[in-house]
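Chain residues, written in single-letter form:
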Amino acid sequence: MTEITTSRAERPAKDAVKDESMLKQKAMMAGHYDRLTSATERGEKVCATFVPGNLNELIMCFDFANNLPEVNAIQNGLRKKSGRYVMESEKLGHSEDVCTYVKSDIGMMAMGNLAPNGKPLPSPDVLLLSYTGCFTFMKWFELLREQYQCETIMLHTPYEGDGWVTENMRNYMVKQLKEEVIPKLERVSGVKFDIDRLRENLKRSAVAEDDLVYVLQSAKNKPSPIDAYFGGIYYIGPIFGAFRGTDDAIDYYRTLRAEVQDRLDNGRGPVTPEGDMGEEKYRLVTEGPPNYTSFRDFWKMFYDEGAVVVASSYTKVGGVYDFGFRHDPERPLESLAEYCLGVYTNRSLPQRVDMLVDYVNEYEADGLLINSIKSCNSFSAGQLLIMREVEKRTGKPAAFVESDLVDPRYFSAANIKNRMESYFQMVDQKRAGVKGAAA
Amino acid sequence: MKNSKDIIDRCQQLYEDLDFTAAREWKAAEPGRKVIGYMPIYVPREILHAGGMLPLGIVGGGDQLEVIHGDAYYQSYICRIPRSTIELGVSGRLDFVDGMLFPSICDVIRNLSGMWKLMFPDVYSRYFDVPQNYADDIGGNYYKAELKELCEGLEDHCGVKITDEALRRSIAIYNENRRLVREVYEFRALEPWKAPASDVYLLIRAGLVLPVEEHSQMMQDWLAAVRHEDRPMRDNCRVVVTGLFCEQPPLNLIKSIELSGCYIVDDDLLLVTRWLLGDVPIDGDPLGNLADAFLHHSESTAAKYEPDLKEKGQHLVRSVEKYGAEGVIFASPSFCDPALLDRPMLQHVLADKNIPYIAFKYAENSGQMQPIREQAGTFADSIKLWSEA
């Protein structure tokens, strides 16, 4: 996901021309890490929290800098540092079987806790454990609490097991926010909660969310002006991270929307690390996170074949906006609760199937590709059934590859490439079959 | 008086019966009877009992089930219990089960709840969520409403009625069952040579498939029998085994630990049978009482958030102290996120108290016990030879 600082090793021989939005995001991220790494000397307090269930608008009400450990793990994956961190963590006694985000984070701490700008990240003053859509989050922050010995606030988001949000779930979350989360954040920060400030932040969120949805849905066009998985990971960066609810996010998404509009107007396909993609040959929907340690290699397997991802579930992991949800300043706490409840991995498997079927149909995709992540049972457990169901309901072929988030030992380029090539052949055969039947 | 061997033989038959014949026979005995399956770690079985239903514990397929279909539903890196549970489902072994409850334990079981809905649409399937906030007016109110929703769902789907009066009766019956489970555990801790861990496991496990009244009687009979039987006492060390709360270890693994020189004096197997630590009050609001017991008087385990850092892992220390254990064995299923992520924190707590420990992983179908025996045997030897005591 998100906010990518590229290492020298990953850079193409010739740097691609960067769009204005890319430059803006790069500057935002640099500013974010500079803010974080200088927080202690500036007397600013730090709140660590997770991307799904990220309550940035609320966190900003208390003047905290927001540190997102998953984003740090991703940065370390992209910069090819996570492998060492994961192994360091395993040396410290963490099992080889568990989430590599966690191990990358713990290994990073053990090896100096350096941010992408080379400066040490500060210890958090508070861990806001937004337990949303992932069981591992709970253990992760228990592990960090042991390390940092700081205030830890649990915000439990019930799972949408039956496929809908009940009044009881919403009330439970609002009550936690009112009676546990806000008072504790007030105490740690020393800042009094101001609900009008929260409303203003939420209002800004909704503006940016509108533009994000426009960008994501632009992929319904042919050719798609965006890649909604690899490119989409850049697009969700600010809104899933520390910028939702800020003017920066509004500016970024406005700029991005204009760029996408321009691509649309000119019939151009997505931008890739090697410039504009050529002819759009395959339109895919993807399920599951990407691999970050070989992010560009993985992406290249797509664009080399003319495959563009037109919709992805991963770009909904920090919030599902394309079915109408917006943060609502008129119902601030209820809206935050509904946001948490609705993130992709907090949805039941039947809901996830419905979404993916909808994407395949709405975006006129050729099929579904699942990247099953070793680390992430929240996503991965049940994906093969999802695959069968989507195939059954859409009549479109699906494929399944396996890798990991930030552990390079689990990315086998040759295996994945083989499967991808076979998959594209399946799509071709399917198309030929359809044409044959029509003739 | 029955002898303990006969009782354990019956338990072993129940354990090995992957067609759940006893539960099928219970259902067939009267028209309209319903069976509700549940997975680890905890569901309030009182609610099912109060509706006249049989709670049926489903804890995977063990080492005797050949998983053929189940593997086709899962990726390479995942624990085995969901594979074998799917296998039980698609092979028709659970075709008499009217509902399935999937407790909040991890993402795998959580997602399995949705898979069940897709694969068995006529079966009542529910993800049973529990609060991770333990304040009465926050988590407590949420949980009470969840329990009420569960009651209503069962009433609608199964055509039963769950009254407060029936709930009170069922709570009393389960209080008695839990008292007996605790008595079995206390007896084993006191005289472990008379109560092999594998026997205790089979005895407690029988409670997952039998009506609670029958299981309580069985435990009473067993306790009466073993108190009068004698077995040779070995020079074993005393250990607590932890991490076994979901996917079950093969019976041979439990036997191997003991054969290698360790008496198991406490464990976290089959926690549903003793999740609530004391009697649940019978007077007043029964759902409120169940909620209160969950919030304030229930087991600690990796699937539960521990809000107090100082309290983290102390349940294990207390267990070691209470039962006079000399060490802890962490036995966790491969790819078990809760157990394996919790393990380093628990180990730090034990290290601070100078309590020795070892760790290994297993799967429910692990066949090779020699490495386990060697590891546990070395652990036992090291305690016997080198411990300060």
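**A short note on the overall build of chain A**
Then, number 1: The number of helices and strands found in chain A is 17 helices and ten strands.
Then, number 2: C-alpha atoms of chain A, sized along the principal axes, occupy 70 × 45 × 40 Å.
Then, number 3: Evaluated residue by residue, chain A yields a buried proportion of 65% over its 439 residues.
Then, number 4: Carbon and sulfur atoms make up 48% of the accessible area of chain A, which amounts to about 15,000 Å² in all.

**Considerations on the overall build of chain B**
Then, number 1: When you go through chain B residue by residue, the secondary structure sums to 14 helices and eight strands.
Then, number 2: For 389 residues, the compact-globule formula gives about 21 Å, and the C-alpha radius of gyration of chain B, at 20 Å, lands near that figure.
Then, number 3: Along the three orthogonal principal directions, the C-alpha set of chain B runs to about 60 × 50 × 45 Å.
Then, number 4: Split into buried and exposed, the 389 residues of chain B put 65% on the buried side.
Then, number 5: Approximately 14,200 Å² of chain B is accessible, and the part contributed by carbon and sulfur atoms is 49%.
Then, number 6: For chain B, the distance from the average site of its 41 positive side-chain charges to the average site of its 59 negative ones is 1 Å.

**Notes on the environment of Phe240 of chain A**
Then, number 1: If you trace the backbone, Phe240 of chain A turns up in helix α10 (residues 230–240).
Then, number 2: Relative accessible area serves as the criterion here: at 0%, Phe240 of chain A is assigned to the buried category.

**With respect to the pairing of strand β7 (residues 327–333) of chain B**
All names here are of chain B.
Then, number 1: Within β7, seven of the seven residues are buried, which leaves the element mostly enclosed by the surrounding structure.
Then, number 2: Side chains Gly327, Ile329, Ala331 and Pro333 of β7 all project onto a buried face; the interleaved residues Val328, Phe330 and Ser332 project onto the opposite face, where all are buried too.
Then, number 3: Strand direction decides the pairing type here: strand β5 (residues 237–242) and β7, joined by four bridges, are parallel. In the strand pairing of β7, Val240 is matched with Val328.
Then, number 4: On the question of chirality, the crossover connecting β7 to the parallel strand β8 (residues 357–362) by way of helix α13 (residues 337–352) is right-handed.

**Considering the interface of chain B and chain A**
Then, number 1: With 58 residues of chain B at the contact, the number on the chain A side is 56 residues.
Then, number 2: Summing both partners gives a buried area of about 4,900 Å² for chain B against chain A, and 57% of it is carried by carbon and sulfur.
Then, number 3: Area buried by chain B at its contact with chain A is led by Leu118, Tyr305 and Leu341 of chain B, which between them contribute 15% of it.
Then, number 4: Summed over the shared surface of chain B and chain A, the number is seven salt bridges.

**A closer look at the sheet that holds strand β7 (residues 282–287) of chain A**
Residue and element names in this part refer to chain A.
Then, number 1: Ordered by their spatial adjacency, four strands build an open sheet running β8-β7-β9-β10, and the pairing between neighbours is parallel. Of all strands in the sheet, those bounded by a partner on one side alone are β8 (307–312) and β10 (398–403). Within the sheet, the average angular offset between the axes of one strand and its neighbour, ignoring direction, is 30°.
Then, number 2: Pairing geometry for β7 and strand β9 (residues 367–373), over four bridges, is parallel. Paired with Val285 across the bridge in β9 is Leu368.
Then, number 3: Helix α14 (residues 349–362) contacts β7, β8 and β9 of the sheet and is inclined by roughly 170° relative to β7.

**Structural notes on helix α8 (residues 167–189) of chain A**
Residues separated by three or four positions in an α-helix point in the same direction, a consequence of the helix having 3.6 residues per turn.
Residues and elements named next belong to chain A.
Then, number 1: With 23 residues, α8 extends 31 Å from end C-alpha to end C-alpha; this agrees with the ideal 33 Å at 1.5 Å per step.
Then, number 2: Approximately 40° is the largest bend angle found in α8, and it occurs at Leu177.
Then, number 3: Directly after α8, the chain includes Gly190, whose backbone phi takes a positive value near 75°.

**Focus: the packing of aromatic side chains**
Residues and elements named next belong to chain A.
Then, number 1: This model, assessed by the stated rule, comprises 44 aromatic pairs over all chains.
Then, number 2: Taking 6.0 Å as the distance between ring centres and 70° as the angle between the ring planes, the aromatic pair formed by Phe298 and Phe411 counts as edge-to-face. One end of the pair, Phe298, is in helix α12 (residues 295–303); the other, Phe411, is in the loop between β10 and α17 (413–438), and 113 residues separate them in sequence. The same class applies to Phe298 as to Phe411, namely buried.
Then, number 3: Taken together through their ring pairs, the aromatic side chains of Tyr229, Phe230, Tyr234, Tyr292, Phe295, Phe298, Trp299, Phe302, Tyr303 and Phe411 make up a single cluster.
Then, number 4: Over the ring of Tyr339 we find Arg244, and its NZ or CZ is 4.4 Å from the ring centre.
Then, number 5: Across from the ring centre of Tyr214, 3.9 Å away, lies the NZ or CZ of Arg257, which sits over that ring.

**Considering the nonpolar core**
Then, number 1: Counting 273 residues, the largest nonpolar core has Leu58, Tyr101 and Phe302 of chain A together with Ile47, Trp222 and Ile329 of chain B as its most contacted members.
Then, number 2: In this structure Leu58 of chain A touches Leu177, Val181, Ile182, Leu185, Phe193, Leu198 and Leu336 of chain A, once residues within four positions along its chain are discounted.
Then, number 3: With 14 residues, the next largest nonpolar core counts Val317, Val328, Leu346 and Leu350 of chain B among its residues.

**Let's talk about the environment of Lys184 of chain A**
Residue and element names in this part refer to chain A.
Then, number 1: Tracing the backbone through its elements, the reader meets Lys184 in helix α8.
Then, number 2: Among the residues examined, Lys184 registers a relative accessible area of 22% and is labelled partly exposed.
Then, number 3: On a C-alpha basis, the gap between Lys184 and Phe135 in space is 23 Å, while along the polypeptide they are 49 residues apart.
Then, number 4: When near neighbours in sequence (up to four residues on either side) are disregarded, Lys184 contacts Glu151 and Ile153.
Then, number 5: Of note is the side chain of Lys184, whose polar atom sits 3.1 Å from the side chain of Glu180.

**Thoughts on the packing of helix α8 (residues 197–205) of chain B against helix α9 (residues 212–227) of chain B**
Residues and elements named next belong to chain B.
Then, number 1: Across the interface, α8 lies against α9 with an axial gap of 9 Å and an inter-helix angle of 155°. Compared by their axis directions, α8 and α9 come out roughly antiparallel. Residues Val200, Leu203 and Ile204 of α8 touch α9, and the partners they reach there are His215, Met218, Met219 and Trp222.
Then, number 2: Of the residues belonging to the contact of α8 with α9, the class tally is six nonpolar, one polar and no charged.

**Quick look at the pattern of salt bridges**
Pairing of side chains with opposite charge becomes possible as their charged atoms draw close.
Then, number 1: Under the criterion given, the structure shown has 73 salt bridges over all chains.
Then, number 2: A salt bridge links Arg197 of chain A to Asp63 of chain A; the nearest nitrogen and oxygen atoms lie 2.4 Å apart. In this pair, Arg197 of chain A is assigned in helix α9 (residues 195–217) and Asp63 of chain A in the loop between α3 (56–60) and β2 (65–67), connecting sequence segments 134 residues apart.
Then, number 3: According to the relative accessible area criterion, Arg197 of chain A is partly exposed, its value standing at 30%.
Then, number 4: A salt bridge links Glu46 of chain B to Arg178 of chain B; the shortest N-O distance between them is 2.8 Å.

**Notes on the side chain of Thr286 of chain A**
Then, number 1: Its place among the elements puts Thr286 of chain A in strand β7.
Then, number 2: Once residues within four sequence positions are removed from consideration, Thr286 of chain A is found in contact with Tyr229, Phe302, Val309, Ala311, Ser312, Ser313, Leu356, Leu368 and Leu369 of chain A.

**Here we look at the sheet that holds β2 of chain A**
Residues and elements named next belong to chain A.
Then, number 1: Spatial ordering of the open sheet is given by β2-β1-β3-β4, a layout of four strands whose pairing is parallel. This sheet does not close on itself; its edge strands, each paired only once, are β2 and β4 (151–156). Averaged over all pairs of adjacent strands, the angle between strand axes in this sheet comes to 25°, irrespective of strand direction.
Then, number 2: Sheet strands touched by helix α7 (residues 136–148): β1 (46–48), β3 (126–131) and β4. Its angle to β3, the strand with the most contacts, is close to 170°.

Thresholds applied
- Residues numbered from 1 in each chain as written.
- Chains lettered and ligands numbered in written order.
- Predicted model: local features only at pLDDT ≥ 70, side-chain atom pairs only at ≥ 80, totals over all residues.
- Heavy atoms only, no water.
- Helix = DSSP H or I, 4+ residues; strand = E, 2+ residues; numbered from the N terminus.
- Buried < 20%, exposed > 50% of the residue type's maximum accessible area, 1.4 Å probe, protein only.
- Areas by Shrake-Rupley, 256 points an atom, 1.4 Å probe, with all protein chains shown as cover.
- Rg over C-alpha atoms; globule rule 2.2 N^0.38 Å.
- Lys, Arg positive; Asp, Glu negative; His and termini not counted.
- Charge placed at Lys NZ, Arg CZ, Asp CG, Glu CD.
- Pairing = 2+ DSSP bridges.
- Right-handed = clockwise from strand over helix to strand, strands pointing away.
- Contact = heavy atoms within 4.5 Å.
- Buried area = accessible area lost by both parts, 1.4 Å probe.
- Salt bridge = Lys/Arg side-chain N within 4 Å of Asp/Glu carboxyl O.
- Axes fitted to C-alpha atoms, helices over the stretch in contact; angles between N-to-C directions.
- Expected span 1.5 Å × (residues − 1).
- Bend = angle between axes of the 7 residues up to and from the residue.
- Phe/Tyr/Trp six-rings, centres within 6.5 Å; stacked < 30°, edge-to-face > 60°.
- Lys NZ or Arg CZ within 6 Å of the ring centre and 35° of its normal.
- Core = buried A, V, L, I, M, F, W, Y, C linked by side-chain atoms within 4.5 Å.
- Polar contact = N/O pair within 3.5 Å; in protein donor to acceptor, adjacent residues only side chain to side chain.
- Parallel < 35°, antiparallel > 145°, perpendicular 65-115°, else oblique.
- Nonpolar A, V, L, I, M, F, W, Y, C, P; charged D, E, K, R; others polar.

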